[in-house]
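The residues making up each chain are set out below.
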Amino acid sequence: MKPARIRRYLMSLANTGKCPICGIGQASTLDHYLAKTIYPTYAVTPYNLVPVCKDCNFAKSDSIMIPDSAPLHPYYDEVDSINWLNAQLIERDEGIVAEFSVSQDLQKSDVCLYQRLKRHMDLYHLNKAYAIQATTEIAENLPFWKKKYKEWGREEFKTYLTELLAAKESFQYNTWNTALLRALIENIDIVVSEEWEPHKENMQQNWIRIYLYLYKELCNNVDSRTSPNYTLVFLGIMGYNSA
């Protein structure tokens, strides 16, 4: 088989076109899971070539693989049947933000897998990438969630979130989106609290605080996986201010 055909096949393994590492960026390059500079024997082994986004490829660089703390291989490490990704909602001055971590429960049941997942999150900077995606999602949807909570009531709104979560989990169990939905279901009262209801005279200030928070995170994390979201938020604020 010709090299070009092999490459097309390997790239097609990312069947949604998204990076299988972060689930955010576009899979646009092939990464050597075992770095070719350290493990040259496997440089052209198809099993060692993974389609990823440029940011994940750059983040991993030429890392040495230690068995007990090696990052996950997206096709040979099956962990999607385990609820290992946690999201925590935090109330700050700029609004509700999300932070992500590996479940502490896993540390009690499987220390090795816990260490590998933690290494995976740290190596690819997924904690920050997921937090940025989720915080943007909250900022964009909070008015809608509050409206539906008032229209439907608590139980019906919770049912809506639960059904949405089930649909997403049926496709992939551990993503920033599913972890966020699980956190929303567990913290409905925080999310829809009147304390976070933007009054008309303060709505512009609330959006500006959210934008400044996201802009600060962008300055600390220049990453093409997340920067388009800042652009959308920025344009939204500009549109609101011009209205």
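Residues numbered from 1 in each chain as written. Predicted model: local features only at pLDDT ≥ 70, side-chain atom pairs only at ≥ 80, totals over all residues. Heavy atoms only, no water.

A. Geometry of helix H7 (residues 176-186). Among the 11 residues that make up H7, 10 are buried, leaving the element largely enclosed by the rest of the structure. Residues of H7 that are buried make contact with strand E3 (85-92), strand E4 (95-102), helix H5 (126-152), helix H6 (154-169) and helix H8 (188-191). (Buried < 20%, exposed > 50% of the residue type's maximum accessible area, 1.4 Å probe, protein only. Helix = DSSP H or I, 4+ residues; strand = E, 2+ residues; numbered from the N terminus. Contact = heavy atoms within 4.5 Å.)

B. Local environment of the pattern of salt bridges. All chains considered together, the criterion is met by eight salt bridges. Lys118 is the partner of Asp122 in a salt bridge, and the nearest nitrogen-oxygen pair spans 3.4 Å. Here Asp122 and its partner Lys118 are both found in helix H4 (residues 111-123), four residues apart, which amounts to about one turn of the helix. Taking relative accessible area as the criterion, Lys118 reaches 39% and is therefore assigned partly exposed. A salt bridge links Arg154 to Asp189; the shortest N-O distance between them is 3.1 Å. Here Arg154, found in helix H6, pairs with Asp189, found in helix H8; they are 35 residues apart in sequence, far enough to count as distant. Each of the salt bridges in this network shares a partner with another, and the network as a whole consists of Arg154, Glu155 and Asp189. (Salt bridge = Lys/Arg side-chain N within 4 Å of Asp/Glu carboxyl O.)

C. Broad picture of the confidence of the model for the protein chain. On average, residues of the protein chain score 82 in pLDDT, and 78% of them reach the 70 mark or higher. In this model, residues 198-202 is a region of pLDDT below 50 whose contacts with residues beyond four sequence positions or in other chains number four contacts. Low confidence marks residues 237-243, where pLDDT is under 50. Its contacts with residues over four positions away, or in another chain, come to six contacts. (pLDDT = per-residue confidence, 0-100.)

D. Representation of the side chain of His32 within the structure. If you trace the backbone, His32 turns up in strand E1 (residues 29-32). Judged by relative accessible area, which is 18%, His32 ranks as buried. A polar contact is formed between the side chain of His32 and the backbone oxygen of Ala43, at a distance of 2.9 Å. Ignoring any residue separated from it by four or fewer positions in sequence, one finds His32 in contact with Ala43, Asn48, Leu49 and Lys60. (Polar contact = N/O pair within 3.5 Å; in protein donor to acceptor, adjacent residues only side chain to side chain.)

E. Representation of the environment of Asn174 within the structure. Inspection of the secondary structure puts Asn174 in the loop between H6 and H7. In this structure the C-alpha to C-alpha distance between Asn174 and Asn86, which are 88 residues apart in sequence, comes to 8.8 Å. A polar contact is formed between the side chain of Asn174 and the backbone nitrogen of Trp84, at a distance of 3.2 Å. A polar atom in the side chain of Asn174 sits 3.3 Å from the backbone nitrogen of Leu85.

F. Quick look at the nonpolar core. Leu89 and Phe100 are the most contacted members of the largest nonpolar core, which totals 51 residues. Counting residues per element, this core draws most heavily on H5, which supplies eight residues. Contacts of Leu89, omitting those with residues within four sequence positions, involve Ile96, Val97, Ala98, Ile138, Leu180, Ala183, Leu184, Asn187 and Val191. (Core = buried A, V, L, I, M, F, W, Y, C linked by side-chain atoms within 4.5 Å.)

G. How the structure looks around unusual backbone geometry. Non-glycine residue His125 carries a positive phi angle of around 55 degrees. Tracing the chain through its elements places His125 in the loop between H4 and H5.

H. The pairing of strand E2 (residues 49-52), seen in detail. In E2, alternate side chains face the same way, and those of Leu49 and Pro51 on one face and Val50 and Val52 on the other are all buried. As paired elements, E1 and E2 share four bridges and run antiparallel to each other. Bridging from a neighbouring strand, Leu30 pairs with Pro51 of E2. (Pairing = 2+ DSSP bridges.)

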